[in-house]
Amino acid sequence: MLKTTFCKISLNNPTRLASGIMGVNAGQLIRVAKEGAGAVTMKSIGPKERKGHNNPAVIEWEHGLLNAAGLPTPGYKNTEEEFEELKELKKIKVPLIASIYGSTANEFLEVAEYVASKKPEAIELDISCPNTEWGGTQFACDPEISHKIVSSVKNVCGKIPVIAKLTPAATSPVAVGIACEEAGADAICAANTMPGMLIDVDAKKPILAFRKGGMSGPALKPINLKIVYELYEKVKIPIIGEGGITNGKDALEYVMAGATVCGIGSAVYKYGSGVFKKTTLEMEKWLKENDYSKLSQVRGIAHE
Ligand SMILES: Cc1cc2nc3c(=O)[nH]c(=O)nc-3n(C[C@H](O)[C@H](O)[C@H](O)COP(=O)(O)O)c2cc1C
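Only a predicted model underlies this, so the values are computations on that prediction, with no experimental measurement involved.

**Student:** Would you mind going over the pairing of strand β7 (residues 96-100) with me for this structure?
**Tutor:** For a regular strand, side chains alternate in direction, first toward one face of the sheet and then toward the other. Along β7, five of the five residues are buried, which leaves the element largely enclosed by surrounding structure. Burial along β7 is two-sided: the residues L96, A98 and I100 and I97 and S99 are all buried. Inspection of the sheet shows strand β4 (residues 39-41) paired to β7 by two bridges, in the parallel sense. Across the sheet, residue T41 finds its bridge partner in β7, namely I97. Across four bridges, the pairing between β7 and strand β8 (residues 122-126) is parallel. Each residue of the ladder has a partner; that of S99, found in β8, is E124. You can see the chain leave β7, run along helix α4 (residues 105-117) and come back into β8, and the turn it takes is right-handed.

Encoded structure:
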């Protein structure tokens, strides 16, 4: 009932572990896969080892999480062992999505070339990271720059599908999505965290050590859901809906808006990896109660 095909990849169900929640640690990713995620995504891998920001780097508030992790990464050259161990995912038939970032177009290419040689089922581009070549704003705020990154990365990825991950902070995430499709992206993820901050009134200071960060979890759902809804009317490639999914109904909302895959991040942080099983059981229950035999019957139905 929930079996899903995404970029010609078979998923047992439409959920995927979002990037950054379980790091690049093979053991943790395999555990999440065994506990019911349809696919798992590694934390974004960058060009060089990077420590990330000081704590507090991730905090929980009443409507989700706020994080300024600062893209900590071992650097692609130090991920050999993790990729080796992650081959176990093939045995349990859970696709691996690698995620990469760079702060320049060349860095994106360098990391993409290495990661493609490890043959994950797909490669996601975290183009929501700051772009140091073009003034420090996020790559994914600009359709033209996003187009450049996607088309150059596509050249080194061979047949491995490339997913462009948008930011809700763009003036028009849909225009960026269209540009990525034109550049050859095989899928789009809508979307990453929304920039935000919180202040501790008693300390009279921002709560995050880095002061500002990215907001995720339930407060993000209406924002990213609208992006998925609008993208579905403009692009032909499949969409990963992500942002604030904590249960089956949240995931169904994204599917009804047009998503093929539903990413879950903050809810794993809060409730543990059991959230995948719970979400898929709730999706199945709803479909049965409403006389549907396949999830695809409700994909995009909110547009009718
Ligand atoms: C602690 C933390 C770290 C994250 N790291 C990454 C990352 O490395 N790369 C990336 O593309 N997204 C990263 N994200 C964004 C998530 O993958 C996801 O897109 C976002 O949190 C929205 O989904 P959610 O509301 O289910 O968490 C991170 C999110 C959190 C909370």
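**Student:** Mind showing me how you'd approach the sheet that holds strand β5 (residues 58-61) here?
**Tutor:** On the basis of which strands lie adjacent, the open sheet formed by four strands has the order β5-β6-β14-β11 and antiparallel pairing. Where the open sheet ends on each side, the last strands, each with one partner, are β5 and β11 (194-196). Looking at each pair of strands side by side, their axes are set apart by 35 degrees on average, direction ignored. Pairing between β5 and strand β6 (residues 64-67): four bridges, direction antiparallel. Of the residues in β6, the one forming a bridge with E60 is L65.

**Student:** What's the story with the nonpolar core in this structure? I'm lost.
**Tutor:** Proteins that are soluble and globular tend to have nonpolar side chains buried together. Membership of the largest hydrophobic core comes to 79 residues, with the highest contact counts inside it found for V40, M42, F108, V115, L125, I127 and L231. With seven residues, the top contributor of residues to this core is α4. Counting residues in each nonpolar core, the second largest holds 12 residues, with C7, I97, I163 and A187 among its members.

**Student:** Looking at this structure, how should I read the site of the ligand?
**Tutor:** If you check the shell around the ligand, you find 24 residues, and the closest are S19, S44, E242, G244 and S266. G244 has a polar backbone atom sitting 2.7 Å from an oxygen atom of the ligand. Of the residues that constitute the shell around the ligand, the class distribution is eight nonpolar, 12 polar and four charged.

Calculation criteria
Residues numbered from 1 in each chain as written. Predicted model: local features only at pLDDT ≥ 70, side-chain atom pairs only at ≥ 80, totals over all residues. Heavy atoms only, no water. Buried < 20%, exposed > 50% of the residue type's maximum accessible area, 1.4 Å probe, protein only. Helix = DSSP H or I, 4+ residues; strand = E, 2+ residues; numbered from the N terminus. Pairing = 2+ DSSP bridges. Right-handed = clockwise from strand over helix to strand, strands pointing away. Axes fitted to C-alpha atoms, helices over the stretch in contact; angles between N-to-C directions. Core = buried A, V, L, I, M, F, W, Y, C linked by side-chain atoms within 4.5 Å. Near = heavy atom within 4 Å. Polar contact = N/O pair within 3.5 Å; in protein donor to acceptor, adjacent residues only side chain to side chain. Nonpolar A, V, L, I, M, F, W, Y, C, P; charged D, E, K, R; others polar.

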